[in-house]
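Structural characterization, general
For reference, the chains in residue letters:
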There are 2 protein chains.
Amino acid sequence: MRALLFDGILRVEHNAPMPEPLADQALLKIRRAGICNTDLEIVRGYANYTGILGHEFVAEVAAGPEALVGRRVVGEINVSDGTCDMCRRGIPSQCRQRRAVGIHGYPGAFAEYLALPVRNLHLVPDNVSDDQAVFVEPLAAALNILEMLAISPRERVLVLGVGKLGFLAAQVLRLSGADVVGVVRRDTQARLLAQWGISARYIEELPKQQAQVVVDCTGLAEGFADALTLVEPRGTIVLKSTYQGLPQVDLSRVAVNEIRVIGSRCGPFPAALRLLAGGLVDVETLIERRYGLDDALQAIEYAGQKGVLKVLLEI
Amino acid sequence: MRALLFDGILRVEHNAPMPEPLADQALLKIRRAGICNTDLEIVRGYANYTGILGHEFVAEVAAGPEALVGRRVVGEINVSDGTCDMCRRGIPSQCRQRRAVGIHGYPGAFAEYLALPVRNLHLVPDNVSDDQAVFVEPLAAALNILEMLAISPRERVLVLGVGKLGFLAAQVLRLSGADVVGVVRRDTQARLLAQWGISARYIEELPKQQAQVVVDCTGLAEGFADALTLVEPRGTIVLKSTYQGLPQVDLSRVAVNEIRVIGSRCGPFPAALRLLAGGLVDVETLIERRYGLDDALQAIEYAGQKGVLKVLLEI
């Protein structure tokens, strides 16, 4: 089968071996996939991953339980052991032995086929399109903010780093009724936020230490430093991205201002599907370009340019 | 009056001006005071503070409201404006315009007299000695952990950096019924913890990513790094100290393991007084030496030696 492989060099492989599903797995024929910043970082060396890239996708079940064959599904990316303490506590996304599709120890979805445990799969409702379904994984990650932290409708919530993930986070947070503000660097970002009725401010326009919650989607040391200047005493900073290297952090300010810093990763697929099915979140506006799998190298290159939003691969 | 002054040079001043209490203040005659790590850090340049040092004390009210004169009191260190949003929310310790006794913009307690707002004062019960009362401020800071975070009696809680503050934190946390373990570097620390029925482990003996809560009292970048290796996924790290400079921090691990980092500062004096009056916390064992105010330079020097616990000044 064809697949986008990274083993130090990025290339489209035409004779990648077909996955062989285990007893608890289904064989998925990938329909469409999305390029995430994590994919771009892996190509730059993050996580030391080698193998087939990709973890945002919608697929059709090609083989597996009868009730699923032929149905459209999305798949959770954490392949858990089902037996460790974290799995038993109902948090398989933090499984002690987990592998992660296209990120850690498990082949990815930028390929014609992928085998995945049946328990990772969620049926896609008919009124959710393939384009929308590709966003279920990052939308679930945005929803994880609400899993980690109660957002009050009285609060001001700033979203730092409004790109692929930040726009989803802003939309999800807006549904809480809170006063959500995207912190922008370009007018194009502000215009996009305005489409969803979300306000935008340049960082220079914002008062210091006044926001109850700051969601940092920048993945940059400077982003976290900005978050620390914007969050109020006893406020919360949510980390929605990984960071390159070991950023220097003003831990003293965290202690003295009694800030809460909360890491946030994968989230609930069923909730993401409900929001898409209910038309409560717009993801299609974020799609910038589409490429075939054979043109995946160009797709990755384009997706890596500054300010580019979602690039899809049609498999 | 006599006072221990720091203005780049540390010295006992014999003709420091007497404080002049404002209308809402009482004049306190200091009886006894304790040397805290923050005092030692200020002498090394932290917080750019100059003035009279000291913020842990017990005093007698020399002038002020009639009901208080002649009574023993302890005093909260945050001198708040009473009008800002944080004060109105009942969090004067995070007052936007706050000054802090002996730390920031307000004279300290290593002196014969101190003027302090009456609302900062708490009467000391008769069965709490002067020695014990000196510990109310750091004990309240330890209790702030429980203000910032619900500790479940099912949890394992590690205390990193068992020194002056860490021993108080361990004792306070033990009262929750949780499995509290002091992470030690020396057998002397383990023996002290054993006196209170608290277990001790060397860090090499501890499994990685297994503790629900890690309280970092080290104030060191390496301490925070240790905390990150010891805390379980979705666990909590409490920052109980300030850190020198800007430590390098593995923020990606915070994000991926969904860790909560919670800064913690000053705490509730009434609760600290209740625990001391009830005999639920032992502070006297932590007292290593006593000095008169005239010998404060030697006291500061001795307190700065590695592993030294509480040094008192008898004023």
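A separate point is the overall build of chain A. Along its length, chain A carries ten helices and 19 strands. Computed over C-alpha atoms, the radius of gyration of chain A comes to 19 Å, within 12% of the 20 Å expected from 2.2 N^0.38 for 315 residues, which places it in the range of a compact globule. Counting only C-alpha atoms, chain A reaches 55 × 40 × 40 Å along its principal axes. Sequence-distant contacts, at least 24 apart, represent 66% of the contacts inside chain A between residues at least 6 apart. Separation between the mean location of the 33 positive side-chain charges and that of the 36 negative ones in chain A comes to 4 Å.

Residue and element names in this part refer to chain A. Applying the stated criterion across every chain, the model contains zero disulfides over all chains. Among the cysteines around Cys-266, which has no disulfide bond, Cys-36 carries the closest sulfur, lying 9.8 Å off. Residue classification places Cys-266 among the buried residues on the basis of a relative accessible area of 12%.

Residue and element names in this part refer to chain A. Looking at chain A, the domain boundaries give domain 1 (3-137 + 266-314) and domain 2 (150-263). Computed over C-alpha atoms, the centres of domain 1 and domain 2 are 27 Å apart. Tallying the contact residues gives 21 residues for domain 1 and 14 residues for domain 2. Between domain 1 and domain 2, roughly 1,300 Å² of surface is buried when both sides are summed, and carbon and sulfur atoms account for 62% of that area. At the junction of domain 1 with domain 2, the criterion picks out zero salt bridges. The interface formed by domain 1 and domain 2 contains four residue pairs in polar contact (both at pLDDT 80 or more).

About the thresholds
- Residues numbered from 1 in each chain as written.
- Chains lettered and ligands numbered in written order.
- Predicted model: local features only at pLDDT ≥ 70, side-chain atom pairs only at ≥ 80, totals over all residues.
- Heavy atoms only, no water.
- Helix = DSSP H or I, 4+ residues; strand = E, 2+ residues; numbered from the N terminus.
- Rg over C-alpha atoms; globule rule 2.2 N^0.38 Å.
- Contact = heavy atoms within 4.5 Å.
- Lys, Arg positive; Asp, Glu negative; His and termini not counted.
- Charge placed at Lys NZ, Arg CZ, Asp CG, Glu CD.
- Disulfide = S-S within 2.5 Å.
- Buried < 20%, exposed > 50% of the residue type's maximum accessible area, 1.4 Å probe, protein only.
- Domains from an automatic or database assignment.
- Buried area = accessible area lost by both parts, 1.4 Å probe.
- Salt bridge = Lys/Arg side-chain N within 4 Å of Asp/Glu carboxyl O.
- Polar contact = N/O pair within 3.5 Å; in protein donor to acceptor, adjacent residues only side chain to side chain.

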